[in-house]
Each structure stands twice: as structure tokens, then as C-alpha cells.
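# Chains, contacts and geometry: an overview
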Amino acid sequence: MDSTVQEKAVTYPTDGKLYERCRQHLVRLSGRYGLKLRQNYSRKAPYLLLMANRYHSAKQMKRKRVLLS
């Protein structure tokens with residue numbers, strides 16, 4: 001068996017993932033420079049990303065749009 005043609009575990013940068021990474025970087029930078037944030041959505045953002053992905057896979061685009069707005 002030839003093992004050089006194995007599939008790779010590649011994930012693609014979706015909008016939700018990019019938004020989450022931006023949020024994490026901004027929270028980290030604000031802490032580094034001493035800016036006090038009222039909210040940083042550290043608990044809510046991963047949940048919203050999960051729900052948006054579930055709504056998308058279930059073809060519930062209107063519900064997904066309301067969730068992300």
C-alpha cells in the first residue's frame with residue numbers, strides 16, 4: 001500500500017473562524033496595552049459559531065442571519 005497519498009486534515013478559513021480569531025487577537029492586544037473591555041464575548045462567541053454552523057448545515061439561512069447580526 002502506498003502511504004504517500006493519504007488525505008490531510010485541512011480546514012478552510014471560513015468567515016466565522018476568521019471573526020473568532022480576530023476577536024481573540026483584539027482581546028489579547030487590549031489586555032497587553034491595558035485597555036479595559038466591558039465585554040469580550042469569550043463564552044458567547046464559540047457557542048454562536050457552533051450554532052451558526054448547525055443552522056447552515058440544516059439549510060436554515062434566515063435563522064443563521066438573525067443569529068449573526
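Being a predicted model, the structure only gives us computed values, none of them experimental.

Reading the values: rules and limits
Residues numbered from 1 in each chain as written. Predicted model: local features only at pLDDT ≥ 70, side-chain atom pairs only at ≥ 80, totals over all residues. Heavy atoms only, no water. Helix = DSSP H or I, 4+ residues; strand = E, 2+ residues; numbered from the N terminus. Rg over C-alpha atoms; globule rule 2.2 N^0.38 Å. Expected span 1.5 Å × (residues − 1). Buried < 20%, exposed > 50% of the residue type's maximum accessible area, 1.4 Å probe, protein only. Arc of directions from axis to C-beta. Contact = heavy atoms within 4.5 Å. 1 Å grid on protein atoms, 1.4 Å probe; cavity = no way out; pocket = protein on both sides within 12 Å on 5 of 7 lines; lining within 4 Å. Points joined across faces, edges and corners; volume = space filled by probe spheres on them. Nonpolar A, V, L, I, M, F, W, Y, C, P; charged D, E, K, R; others polar. Axes fitted to C-alpha atoms, helices over the stretch in contact; angles between N-to-C directions. Parallel < 35°, antiparallel > 145°, perpendicular 65-115°, else oblique.

## Some words on the overall build of the chain
Along the backbone of the chain there are 3 helices and 0 strands. What you see in the chain, going N to C, is helices and strands ordered as α-α-α. Radius of gyration (C-alpha) of the chain: 17 Å, far over the 11 Å computed for a compact globule of 69 residues. With the C-alpha coordinates of the chain rotated into their principal frame, the extents come out at 55 × 35 × 15 Å.

## Quick look at helix H1 (residues 15–32)
Given a rise of 1.5 Å per residue, 18 residues ought to cover 26 Å, and the 26 Å separating the end C-alpha atoms of H1 matches this to within 8%. Every buried residue belonging to H1 is among Glu 20, Arg 23 and Ser 30, and all of these are buried. Taken around the axis of H1, the buried residues stretch over an arc of 95°, which confines them to a single face. Turned more than 90 degrees off the buried face of H1, the exposed positions are Arg 21 and Arg 32. Residues of H1 that are buried sit in contact with helix H2 (44–57). Taken from the residues just after H1, Gly 34 is the one with a positive phi, measuring 80°.

## Observations regarding H2
Taking 1.5 Å per residue, 14 residues should reach 20 Å; H2 reaches 20 Å between its end C-alpha atoms and fits that length. Every buried residue of H2 is accounted for by Ala 45, Met 51, Ala 52 and Tyr 55. Projected down its long axis, H2 shows its buried positions confined to an angular sector of 125°, all on one face. Where H2 is buried, its residues touch H1 and helix H3 (61–68). Directly after H2, the chain includes Lys 59, whose backbone phi takes a positive value near 60°.

## Regarding the layout of surface pockets
Considering only enclosed or pocket space, the largest pocket measures out at about 430 Å³ in volume. Along the wall of the largest pocket there are 18 residues; nearest its centre are Gly 16, Tyr 19, Leu 48, Leu 49 and Leu 68. Among the elements that make up the lining of the largest pocket, the one with the highest residue count is H2 (7 residues). For the lining of the largest pocket, the class distribution of residues is 8 nonpolar, 4 polar and 6 charged.

## Focus on the packing of H1 against H2
Packed helix pairs are specified by the crossing angle of their axes together with the interaxial distance, meaning the distance between the axes. Orientation of H1 relative to H2, taken along the N-to-C sense of each, is 175°, at an axis distance of 10 Å. Between H1 and H2, the angle is such that the two are roughly antiparallel. Here Gly 16, Lys 17, Glu 20 and Arg 23 of H1 lie close against H2, whose contacting residues are Ala 45, Pro 46 and Leu 49. For the contact of H1 with H2, the per-class residue count stands at 3 nonpolar, 1 polar and 3 charged.

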